[in-house]
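Architecture at a glance
In case you want the letters, here they are:
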Amino acid sequence: MGIFDALLTVPGLLLYATAAFAASCTLTASGGDDAPAFVQAYSACSTITIPQNTVLNISTPMNMTGGVNKHISLQGTVKFSPNIDYWSGHGYYFAFQDQITFWILGGENVRLDGGGVLDGVGQPWYDAFASNSSLLRPILLTIFQGRNVQIQDIMMLNGPEWINFVTDSSDVLYNNIHINASSTSKNLAKNTDGWDIYRSDNVTIQNSIINNGDDCVSFKPNSTNILVSNLNCNGSHGISVGSLGQYPGEYDIVANVTSINVRMANAENGARIKAFAGPDVGSGLVKNITFQNFTEANVDYPVVIDQCYMTAANACAAYPSNTYIEDIWFTGISGTSSGNEKSLVASLDCSPDSRCSNINVDNLDLAPPAKYGNATYGCQNVNITGDAASLFGTCTTT
Ligand SMILES: *[C@@H]1O[C@H](CO)[C@@H](O)[C@H](O)[C@H]1NC(C)=O
Ligand SMILES: *[C@@H]1O[C@H](CO)[C@@H](O)[C@H](O)[C@H]1NC(C)=O
Ligand SMILES: *[C@@H]1O[C@H](CO)[C@@H](O)[C@H](O)[C@H]1NC(C)=O
Ligand SMILES: *[C@@H]1O[C@H](CO)[C@@H](O)[C@H](O)[C@H]1NC(C)=O
Ligand SMILES: *[C@@H]1O[C@H](CO)[C@@H](O)[C@H](O)[C@H]1NC(C)=O
Ligand SMILES: *[C@@H]1O[C@H](CO)[C@@H](O)[C@H](O)[C@H]1NC(C)=O
Ligand SMILES: *[C@@H]1O[C@H](CO)[C@@H](O)[C@H](O)[C@H]1NC(C)=O
Ligand SMILES: *[C@@H]1O[C@H](CO)[C@@H](O)[C@H](O)[C@H]1NC(C)=O
Ligand SMILES: *[C@@H]1O[C@H](CO)[C@@H](O)[C@H](O)[C@H]1NC(C)=O
Ligand SMILES: *[C@@H]1O[C@H](CO)[C@@H](O)[C@H](O)[C@H]1NC(C)=O
Ligand SMILES: *[C@@H]1O[C@H](CO)[C@@H](O)[C@H](O)[C@H]1NC(C)=O
Ligand SMILES: *[C@@H]1O[C@H](CO)[C@@H](O)[C@H](O)[C@H]1NC(C)=O
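Residues numbered from 1 in each chain as written. Chains lettered and ligands numbered in written order. Predicted model: local features only at pLDDT ≥ 70, side-chain atom pairs only at ≥ 80, totals over all residues. Heavy atoms only, no water.

Section: the overall build of the protein
- For the protein, the count of helices and strands is 6 helices and 27 strands.
- A globule of 398 residues ought to have a C-alpha radius of gyration of about 21 Å, and the protein, at 22 Å, matches this closely.
- Dimensions of the protein, computed from C-alpha atoms along their principal axes, come out at roughly 75 × 40 × 35 Å.
- For the protein, the residues scored as buried account for 54% of the 398 residues in total.
- In the protein, once contacts between residues fewer than 6 apart in sequence are set aside, the share between residues at least 24 apart is 70%.
- When the accessible area of the protein is evaluated, it comes to approximately 15,300 Å², of which 48% is carbon and sulfur surface.
- The average position of the 16 basic charges and that of the 33 acidic charges among the side chains of the protein differ by 3 Å. (Helix = DSSP H or I, 4+ residues; strand = E, 2+ residues; numbered from the N terminus. Rg over C-alpha atoms; globule rule 2.2 N^0.38 Å. Buried < 20%, exposed > 50% of the residue type's maximum accessible area, 1.4 Å probe, protein only. Contact = heavy atoms within 4.5 Å. Areas by Shrake-Rupley, 256 points an atom, 1.4 Å probe, with all protein chains shown as cover. Lys, Arg positive; Asp, Glu negative; His and termini not counted. Charge placed at Lys NZ, Arg CZ, Asp CG, Glu CD.)

Have a look at this one:
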């Protein structure tokens, strides 16, 4: 072993002196805040190992952007200290939807794997948010300015808010991720989106289990060339495109998204596209989106297009959405709704003035709970094609 590939075990500060040439570093817990040592190891070492049974205590934000050829082997736990007053003023800030994060990870050829745990210690946050709805809560892990990033075999536990944010990145893969954000008190684990993708291209999310309290995966503005495959989502708000067109003056694109082989249970939505309308909104294009082979159980809205999202009907009629929706396929969506909407199992509601085109529904097999009788289907301002189009009948025009 030469000086360039020395295997170092570095408790806290020792690292600064010795790790400058190390290929492999092993982190141990210092007893205090381990964030500085972890960040330093990321910049100095090519492989950073957090061994099994090691619990790193992260009490200050971690900026790991710009690294090249980095491998974090997380076999133990990275735990974020729940100092609410501190974090709400110190997390890294993103203007998009007023977000902060514990940790920004980026750079080129970056791997995070190892079978370990990211623990957001969310319970105190869920409880604090219940009495302060403007509380800024950190995202568990943010991929920022990443290229060729792979995150595999990681458990993500109880993030205070969104679990994963992918922003300004490309060629990102998530594989075999287990997310569980659940509250043990009466205060729900709110806004714990599994993934939010923003201004990013070529992102794959596959083979994962998610139990959370908001979107399972959400494609925010400028998500392109995305594959979501083999997810088991429970308790979520569904797989969602949008919401888009929220910000005046901005143009939002979501294109080339395939979501396939998804199980969705106890959820608010199944497959969903939502865009704002009204006088003070932005514009955009949703194009070439496929939702295929969804098996749903106890879902409030199994299939949804809502192009008047958060907009009153009269405002939507006067100011139709400027986010156009084109080339959409809902294929092979089956299962049961919750009965929340009685017999209604699918609703495709577009703005007036032909803002939706080439909307296809095939092989639809959805049923409400037996007490609501046969399924019903809703639609407005849209021409539906595909073998299930006749189920929708004639759509209303507003
Ligand atoms: C984590 O580190 C912070 C800052 O040193 C300290 O206040 C806190 O008690 C530590 N938590 C644990 C669980 O060690
Ligand atoms: C993160 O660190 C990089 C340098 O490595 C710096 O350019 C960037 O401004 C830092 N980001 C934040 C949010 O502090
Ligand atoms: C609620 O959270 C916000 C943002 O984090 C903070 O500025 C404000 O002081 C908090 N309010 C209370 C009553 O704690
Ligand atoms: C997309 O990203 C994956 C890594 O997840 C990479 O292997 C692939 O080459 C990328 N595709 C394109 C077209 O760049
Ligand atoms: C999430 O955690 C709760 C509480 O520990 C547990 O009951 C539930 O089975 C877990 N769900 C998943 C999907 O891991
Ligand atoms: C699935 O979600 C429901 C509703 O939120 C919850 O009661 C149940 O514990 C979750 N199951 C698992 C395995 O996490
Ligand atoms: C999305 O991409 C388009 C085309 O590159 C650009 O004009 C627009 O400003 C981007 N929107 C956002 C929200 O980044
Ligand atoms: C969508 O995919 C097509 C075919 O690969 C490609 O030509 C087009 O550029 C992609 N659109 C975007 C916005 O990336
Ligand atoms: C539609 O998107 C898929 C990826 O989701 C891509 O493979 C396909 O080429 C795109 N089609 C067009 C016509 O852009
Ligand atoms: C549909 O998805 C389920 C997983 O949800 C998978 O087990 C099944 O093989 C898929 N069906 C097809 C035809 O690919
Ligand atoms: C439900 O659908 C079946 C088959 O199309 C039909 O025979 C039956 O009359 C319908 N029931 C009601 C209550 O409309
Ligand atoms: C439906 O198709 C007809 C015939 O092409 C067209 O005139 C009409 O505008 C379309 N309606 C909507 C809501 O797109």
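Some remarks on the site of ligand 9
- Neighbouring ligand 9 are N256, V257, T258 and N288.
- At 2.7 Å, a side-chain N or O of T258 approaches an oxygen atom of ligand 9.
- When the free accessible area of ligand 9 is taken as 360 Å², the share hidden by the protein chains comes to 37%.
- Looking at which element gives the most residues to the shell around ligand 9, the answer is strand β21 (residues 251-276), with 3 residues.
- Tallied by class, residues from the shell around ligand 9 come to 1 nonpolar, 3 polar and no charged. (Near = heavy atom within 4 Å. Polar contact = N/O pair within 3.5 Å; in protein donor to acceptor, adjacent residues only side chain to side chain. Nonpolar A, V, L, I, M, F, W, Y, C, P; charged D, E, K, R; others polar.)

What about the pattern of salt bridges?
- Overall, the coordinates contain 9 salt bridges when judged by the stated rule.
- A salt bridge links K220 to D196; the nearest nitrogen and oxygen atoms lie 3.5 Å apart. Taken as a pair, K220 in the loop between β18 (217-219) and β19 (223-234) and D196 in strand β16 (residues 195-198) lie far apart in primary sequence, 24 residues in all. Each member of the pair, K220 together with D196, is buried. (Salt bridge = Lys/Arg side-chain N within 4 Å of Asp/Glu carboxyl O.)

What about the UniProt feature "active site" (unreviewed entry) in the protein?
- As annotated by UniProt and renumbered to match this structure, "active site" (unreviewed entry) occupies H237.
- Of note, H237 is situated in the loop between β19 and β20 (239-244).
- The residues contacting H237, other than those within four sequence positions of it, are G213, D214, D215, C216, E268, N269 and R272. (UniProt positions renumbered as here; feature names shortened; annotations may be inferred.)

Some remarks on the packing of aromatic side chains
- Here the structure, examined in full by the defined rule, presents 17 aromatic pairs.
- Ring centres of F38 and W103 lie 5.7 Å apart, and the angle between their planes is 55°; on these two criteria the pair is classed as tilted. Of this pair, F38 sits in helix α2 (residues 35-44) while W103 sits in strand β10 (residues 103-113), and the two are 65 residues apart along the sequence. Considered together, F38 and W103 belong to a single accessibility category, that of buried residues.
- With 4.6 Å between their ring centres and 75° between their planes, W87 and F102 make a pair best called edge-to-face. Within this pair, whereas W87 is found in helix α3 (residues 84-90), its partner F102 is found in the loop between β9 (99-101) and β10, the two being separated by 15 residues in sequence.
- By way of ring pairs, the aromatic residues F94, F96, F144, W162, F165, Y198 and Y247 are connected into one cluster.
- A cation over a ring is seen here: K70 above Y42, with NZ or CZ 5.7 Å from the ring centre.
- Sitting above the plane of the F129 ring, R137 keeps its charged end 3.5 Å from the centroid. (Phe/Tyr/Trp six-rings, centres within 6.5 Å; stacked < 30°, edge-to-face > 60°. Lys NZ or Arg CZ within 6 Å of the ring centre and 35° of its normal.)

Topic: the pairing of strand β7 (residues 77-80)
- In the sheet, strand β4 (residues 55-58) pairs with β7 via 4 bridges, with the strands oriented parallel. In the sheet register, V55 faces β7, and the bridge partner there is T77. (Pairing = 2+ DSSP bridges.)

Some remarks on the side chain of S170
- Mapped onto the secondary structure, S170 falls in strand β15 (residues 170-180).
- Relative accessible area serves as the criterion here: at 17%, S170 is assigned to the buried category.
- Among all residues touching S170, those that are not within four sequence positions of it are G146, R147, N148, D201 and N202.

Here's the deal with the state of the cysteines
- For the structure on display, the rule yields 5 disulfides.
- Two residues share a disulfide in this structure: C308 and C316, whose sulfurs sit 2.0 Å from each other. Between C308 and C316, the S-S torsion sits near -70°, and that sign places the bridge as left-handed. One exposure class covers both C308 and C316, and it is buried.
- If one numbers only the bonded cysteines of the protein, in the order they occur, the disulfide pattern is 1-2, 3-4, 5-6, 7-8, 9-10. (Disulfide = S-S within 2.5 Å.)

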